[in-house]
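Below are the chains, spelled out letter by letter.
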2 protein chains.
Amino acid sequence: MVPLADPTYSRVREKLREDIVSGYFSGGTRLKIAELVNRYGVSQMPIREALQQLQGEGLIVIEPNKGAHVRQIDQSFLENMYDIRQLIEVYLTVRSLRNFQPRDIKELETLHSKYVKAANKSDFNQCLTLNKQFHSVIYKLADNPEGQQILEKHWQLINTLRLTFGYSTERIQKVILEHQDIITAIKDNDPIALEMAAKNHCINAKMDLILKL
Amino acid sequence: MVPLADPTYSRVREKLREDIVSGYFSGGTRLKIAELVNRYGVSQMPIREALQQLQGEGLIVIEPNKGAHVRQIDQSFLENMYDIRQLIEVYLTVRSLRNFQPRDIKELETLHSKYVKAANKSDFNQCLTLNKQFHSVIYKLADNPEGQQILEKHWQLINTLRLTFGYSTERIQKVILEHQDIITAIKDNDPIALEMAAKNHCINAKMDLILKL
DNA sequence: AGCTTATTAATTGTATACAATATCATATAT
DNA sequence: ATATATGATATTGTATACAATTAATAAGCT
């Protein structure tokens, strides 16, 4: 069975997330359903579901019987998110170490070399995808779906931010080095080095993104 | 304006969370909308919104165009959740220290003494409420709404688990001591002691809850 | 028999109409 | 004049009907 078109509420969720990140709906804006019905050309119901999902991502706040408001996506917001993200990402990465098998390391290296190739072609979108796959391999081995789910939600936002504000060549080159450090620490089975590498990777990502705002 | 009745989707969300925690809908169960319509006596729409919200809490997984499945709420699930929770809770608690004012400490002590009174009356529900208020004072001062939101979501589940499986007198007595340790560390402005106290508090809560399953 | 392809049934998703609630403006009383 | 109550309007929430998709079943082919 081939993958079919996403349901309307998924498409609306993606569109609305873009509209929030791009600033079309800026922080504090009241999102009226009728307005969104007009903008996206669909009925209320898929919009209401998309709003619930975006509330789950922390992008909006819904007050029952009142309405939905857009969260402020500013430096403070990203700092807070990345501080939490760092805690979880470092924890999961270190945790994954015990479950790494040779074939997992191989997979990581394959994805890494693909990343380098995509970087050389300046294919930023491909880099984004490969970056996610790279970390997904690690997260899976951490064997903590609850933590992973939080990181996945963050990633939805980060991905949209990157697509909106771009990905500098310098940052991509640094990512290559940082991923290399992570791979080395895993091969060395060195949890301390891995913790440092994961932490460093997260901090740099945060700084780079905040500077783009 | 007085607080009015919750919307239907909120009530359904609460009911369904209870039904999942109690095991009426056990892990892996497919949740069909028609079935839920019958069980809760409301139409599809509020049920669909409740499902989205519970997916946000991590209690169910929705596959677009396929359906919703109940997550397994077992020891592994709670361990994973509490491991993540511990990271965030400890971080936020230590972080709050810099913002604590005398009146905040006073508020904490007031809530604590109320907790002791409720404990002496064996009013467990009141203990649950006061416990949440106690920690909310701290979370607010940590000034990281993103982290706080994750803890709040966890709390929805923990609260339901406690209401379902109960709260032992022994645990309540230990909570009193653990909260006392936290207050002392805050008064001493001692981040190391506070980190220890928060960590300890979280670990004990996890162990106690897991033993109730 | 085993596999593919139609056909039917079950289930999820969407649109629309209507009900409940909240918001805003206006009038009224003190 | 300020505050309070009253009514009109806008907005959110719910129910129902229908469309789209998936899953299950049966038919046909090699």
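Remember, it's a predicted structure, so these values are computed and weren't measured experimentally.

## Quick word on the overall build of chain A
For chain A, the count of helices and strands is nine helices and three strands. Listing the helices and strands of chain A from first to last along the sequence gives α-β-α-α-β-β-α-α-α-α-α-α. Out of the 213 residues in chain A, the part that is buried amounts to 51%. Restricting to contacts in chain A with at least 6 residues of sequence separation, those with at least 24 account for 70%. When the accessible surface of chain A is summed, it comes to about 10,500 Å², and 51% of that surface belongs to carbon and sulfur atoms. One finds the centroid of the 28 positive side-chain charges in chain A at a distance of 3 Å from the centroid of its 26 negative side-chain charges.

## Re the relation of the copies chain A and chain B
Of the transformation superimposing chain A on chain B, the axial component is 0.0 Å and the angular component is 180 degrees, with the fit at an RMSD of 0.0 Å. Overall, the copies show the geometry of a two-fold rotation axis. No C-alpha of chain A lies nearer the rotation axis than that of Gly-56 of chain A, which sits 2.4 Å from it. Taken as a fraction of all interface residues of chain A, those also at the interface in chain B reach 100%, which identifies the copy contact as same-surface.

## Topic: the side chain of Arg-171 of chain B
Residue and element names in this part refer to chain B. Along the polypeptide, Arg-171 turns up in helix α8 (residues 169-187). Side chain to side chain, Arg-171 and Glu-178 meet in a polar contact 3.0 Å long. Those residues within four positions of Arg-171 in sequence are excluded, and the remaining contacts are Arg-162, Glu-178, His-201, Asn-204, Ala-205 and Asp-208.

## Comments concerning the packing of aromatic side chains
Taken as a whole, this structure holds two aromatic pairs over all chains when the rule is applied. Here Tyr-24 of chain A and Phe-25 of chain A contribute two aromatic rings whose centre-to-centre distance is 4.9 Å and whose plane-to-plane angle is 85 degrees, an arrangement assigned as edge-to-face. Judged by its relative accessible area of 3%, Phe-25 of chain A is buried. Across the ring face of Trp-155 of chain A, the terminal group of Lys-132 of chain A is positioned such that the distance to the ring centre comes to 4.8 Å. The side chain of Arg-39 of chain B reaches across the aromatic face of Tyr-24 of chain B, ending 3.6 Å from its centre.

Conventions we followed
Residues numbered from 1 in each chain as written. Chains lettered and ligands numbered in written order. Predicted model: local features only at pLDDT ≥ 70, side-chain atom pairs only at ≥ 80, totals over all residues. Heavy atoms only, no water. Helix = DSSP H or I, 4+ residues; strand = E, 2+ residues; numbered from the N terminus. Buried < 20%, exposed > 50% of the residue type's maximum accessible area, 1.4 Å probe, protein only. Contact = heavy atoms within 4.5 Å. Areas by Shrake-Rupley, 256 points an atom, 1.4 Å probe, with all protein chains shown as cover. Lys, Arg positive; Asp, Glu negative; His and termini not counted. Charge placed at Lys NZ, Arg CZ, Asp CG, Glu CD. Least-squares fit on C-alpha atoms with pLDDT ≥ 70 in both. Polar contact = N/O pair within 3.5 Å; in protein donor to acceptor, adjacent residues only side chain to side chain. Phe/Tyr/Trp six-rings, centres within 6.5 Å; stacked < 30°, edge-to-face > 60°. Lys NZ or Arg CZ within 6 Å of the ring centre and 35° of its normal.

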